[in-house]
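# Results of the structural survey
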Amino acid sequence: MTFRAQVYEITKKIPRGKVATYGQLAKLAGKPKAARAVGSLMRTNPNAPRTPCHRVVARDGSLTGYSGKGGITGKKSMLLNEGVLFKKNKVNLKLSHWLPKKSFGI
DNA sequence: GGCCTGACTTTAG
DNA sequence: GCTAAAGCCAGGC
């Protein structure tokens, strides 16, 4: 299992109405400091429809990137549609932050 | 295999 | 609260 596959698998496990951070995914994938790489993987994700990359936000809840349709705006709209709460222009992590399982069978 | 880039994160000013 | 700089990692050329 490559780091990339790990990130995609974990991202697909993010429940509807919740969000995770790049650093969080990196940590779960085994590379606590690979948040930047995670962002790159999302940007070049070969399986966009299968990977809910719109549920991945920055550490403070800011919506960054998103190469999909609608850009940041579309990303925000999808999150709102899934029940993710927002605080101004950022995600309310206090209420919508995903609490991951202990292990993914790595 | 080496260099450049970037959807990150943290610390300092 | 905002801007700048440094550290880290994988992908693409």
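One structure accompanies this document, and this report is about it. Because the structure is a prediction, the values reported are computed rather than measured.

A word on the protein's contact with DNA strand B. Looking at DNA strand B, there are 18 residues lining it, with Y22, R36, R43, R59 and G65 nearest. Sugar plus phosphate, as a fraction of atoms of DNA strand B within 4 Å of the protein: 45%. Here a base nitrogen of DNA strand B sits 2.8 Å away from a polar atom, N or O, in the side chain of R36. A distance of 3.3 Å is found between a sugar or linking oxygen of DNA strand B and a backbone nitrogen or oxygen belonging to G65.

A word on the protein's contact with DNA strand C. Inspection of the region around DNA strand C gives F3, R4, K31, K33, A34, R36, A37 and L41 as its neighbouring residues. Atoms of DNA strand C within 4 Å of the protein: sugar and phosphate make up 59%, bases the balance. The contact in question runs from a base oxygen of DNA strand C to an N or O atom on the side chain of R36, over 2.5 Å. Elements represented by at least two residues in the surface near DNA strand C include exactly α1 (3-12) and α3 (35-43). The element contributing the most residues to the surface near DNA strand C is α3, with three residues. Of the residues assigned to the surface near DNA strand C, the class counts are four nonpolar, no polar and four charged.

The next thing to look at is the packing of α1 against α3. Close contact between α1 and α3 brings their axes to 10 Å; oriented N to C, the two are set at 75°. Classed by the angle they form, the pair α1 and α3 counts as roughly perpendicular. Residues F3, R4, V7, Y8 and T11 of α1 touch α3, and the partners they reach there are A37, V38, L41 and M42. Looking at side-chain class alone, the contact of α1 with α3 contains seven nonpolar, one polar and one charged residues.

This part covers the pattern of salt bridges. Across all of its chains, the model carries three salt bridges by this definition. In this structure, K12 and E9 form a salt bridge, with 3.2 Å as the shortest nitrogen-oxygen distance. A residue pair is termed a helical-turn pair when its members lie 3 or 4 positions apart in one helix, as K12 and E9 do in helix α1 at three residues. On the basis of relative accessible area, K12 is assigned to the partly exposed category, the value being 35%. Between E82 and R55 there is a salt bridge whose closest N-O contact spans 2.8 Å. On the criterion of sequence distance, the pair formed by E82 in helix α4 (residues 71-82) and R55 in the loop between α3 and β2 (56-57) is long-range, its members being 27 residues apart.

Reading guide: rules and limits
Residues numbered from 1 in each chain as written. Chains lettered and ligands numbered in written order. Predicted model: local features only at pLDDT ≥ 70, side-chain atom pairs only at ≥ 80, totals over all residues. Heavy atoms only, no water. Near = heavy atom within 4 Å. Polar contact = N/O pair within 3.5 Å; in protein donor to acceptor, adjacent residues only side chain to side chain. Helix = DSSP H or I, 4+ residues; strand = E, 2+ residues; numbered from the N terminus. Nonpolar A, V, L, I, M, F, W, Y, C, P; charged D, E, K, R; others polar. Axes fitted to C-alpha atoms, helices over the stretch in contact; angles between N-to-C directions. Parallel < 35°, antiparallel > 145°, perpendicular 65-115°, else oblique. Contact = heavy atoms within 4.5 Å. Salt bridge = Lys/Arg side-chain N within 4 Å of Asp/Glu carboxyl O. Buried < 20%, exposed > 50% of the residue type's maximum accessible area, 1.4 Å probe, protein only.

Read these as geometric descriptors, not functional statements.
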